[in-house]
Amino acid sequence: MPWYDLPAEQLAGYRTSTQEPAELDLWWQRRLDEARAAAAEPALTRYEAGAYAPLEVYDAEFSGAGGDRIKAWYLRPAGGPDAAAPVVVKFIGYGGGRDRPAEHVLLPALGYALLVMDTRGQGGRWSTGATGDHADGWHAGPENARVMTRGIARPEDYYYTRLFTDAVRAVETACALTGASRVAVTGASQGGGLALAAAALVPQLVAVCHADVPFLCDIQRAITLAPHAPYTEVPEFLAHQVDLIPAALDTLRYVDCALLARRITARCLLSVGLMDIICPPSTVFAAYNEIAAGKDLAVHPFTGHEVPGAHIERQLRHLREFLG
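Quick caveat, the model's predicted, so the values are computed rather than measured.

**Q** Quick question: what am I supposed to make of the sheet that holds strand β4 (residues 87–91) here?
**A** As a general point, the strands of a sheet are linked pairwise by backbone hydrogen bonds and lie either parallel or antiparallel. Taken in spatial order, the nine strands line up as β1-β2-β3-β5-β4-β6-β7-β8-β9 in an open sheet, and their pairing is mixed. Two strands in the sheet have a free side with no partner beyond their single neighbour: β1 (43–46) and β9 (295–300). Taking each pair of neighbouring strands and ignoring which way they run, the sheet shows an average axis angle of 20°. By the bridge criterion, four bridges tie β1 to strand β2 (residues 56–63) in an arrangement that is antiparallel. Of the residues in β2, the one forming a bridge with leucine 44 is alanine 60.

Given below as structure tokens:
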């Protein structure tokens, strides 16, 4: 895939033209307060102790948006909770779920406690999940789902409003389980967008944010530029549902990480591939350029929608420096 987005000199200074909704902070505060009011205690069940020793692995469950029970993996070094141990919350890319704990053992092996949030109503495409979108049975289990337009006519009903709320509750749950006052958040693609959202919505709890090739940034530009799904789900839908165009575009402003990023106080490390046809490079720069906190951006000129191995080692060094 050739370079198809803005030239490098324009990318460096690119800013979103989308206007932030009025009282966006108050709107999100109401969503989060509703979820907290409906929450029950998290539950942990030890998982495959013999297979994962000396790590401790738990099949976890916590309350997300609307009180819906969200599955997770909780992995930690042997010996029980240690308030001094660094804690990371991990989010998953579009279509995937939490998968098996074996996919997530690197950070616990290096001494980090790790909470891996399952993704409601996904987990049926490239990795497995176990969480439905609603506890009331509308979408009772994991799906090979296209969710970009689910509830898009109203921000209160939108799928990503629920998922961002789940991400905040995952951070709050990780703090409650470990005793940590602040954590790191990490993810790629959709997971990167969730990391940015969590860092923006509960900045007091997030010390470090790693967001690789993040999705859900400068969304109104992305849906007119990205040649590949999942952004293309929105224009395909609005090409026929023309009466919903104003409402849908308004809804997308409430979950646009380029707008939410202005609230981030965490130390950030983002990555972007200049040949990315899923998350256009300019949309990543749009989010990065709104972050006022300490930040770094790894620009990979010949990379698409993926994370080079060298960048993973850079993330490990970044965690040691800013989370420890």
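**Q** Teacher, can you tell me more about the packing of helix α2 (residues 24–37) against helix α5 (residues 159–178) here?
**A** Geometry of a packed helix pair, given as the angle between the helix axes and the separation of the axes. Two elements in contact, α2 and α5, have axes whose closest approach is 10 Å; the angle formed by their N-to-C orientations is 65°. α5 is crossed by α2, and the crossing has right-handed handedness. Contacts between α2 and α5 involve Trp27, Trp28, Arg31, Leu32, Ala35 and Arg36 from the former and Thr161, Phe164, Thr165, Val168, Arg169 and Glu172 from the latter. Residue classes in the contact of α2 with α5 are distributed as six nonpolar, two polar and four charged.

**Q** Whenever I open this one, the layout of surface pockets confuses me. Can you help?
**A** Sizing a probe to match a water molecule and rolling it over the atoms shows the empty space that remains. Here the largest pocket defines a volume of roughly 890 Å³. As for the largest pocket, its lining consists of 32 residues, and the residues nearest its centre are Lys90, Phe91, Trp126, Gly187 and Ala188. Elements that contribute at least two residues to the lining of the largest pocket include exactly β4, α4 (106–109), β6 (183–188), β7 (206–212) and α12 (309–322). It is α12 that provides the largest number of residues to the lining of the largest pocket, a total of four residues. By residue class, the composition of the lining of the largest pocket is 16 nonpolar, eleven polar and five charged. Approximately 180 Å³ is the volume found for the second largest pocket. In terms of lining residues, the second largest pocket is bounded by Arg31, Glu34, Ala35, Ala65, Gly66, Asp68, Arg120, His134, Glu156, Thr161, Arg162 and Thr165.

Reading the values: rules and limits
- Residues numbered from 1 in each chain as written.
- Predicted model: local features only at pLDDT ≥ 70, side-chain atom pairs only at ≥ 80, totals over all residues.
- Heavy atoms only, no water.
- Pairing = 2+ DSSP bridges.
- Helix = DSSP H or I, 4+ residues; strand = E, 2+ residues; numbered from the N terminus.
- Axes fitted to C-alpha atoms, helices over the stretch in contact; angles between N-to-C directions.
- Left-handed = near helix turned anticlockwise from the far one by under 90°.
- Contact = heavy atoms within 4.5 Å.
- Nonpolar A, V, L, I, M, F, W, Y, C, P; charged D, E, K, R; others polar.
- 1 Å grid on protein atoms, 1.4 Å probe; cavity = no way out; pocket = protein on both sides within 12 Å on 5 of 7 lines; lining within 4 Å.
- Points joined across faces, edges and corners; volume = space filled by probe spheres on them.

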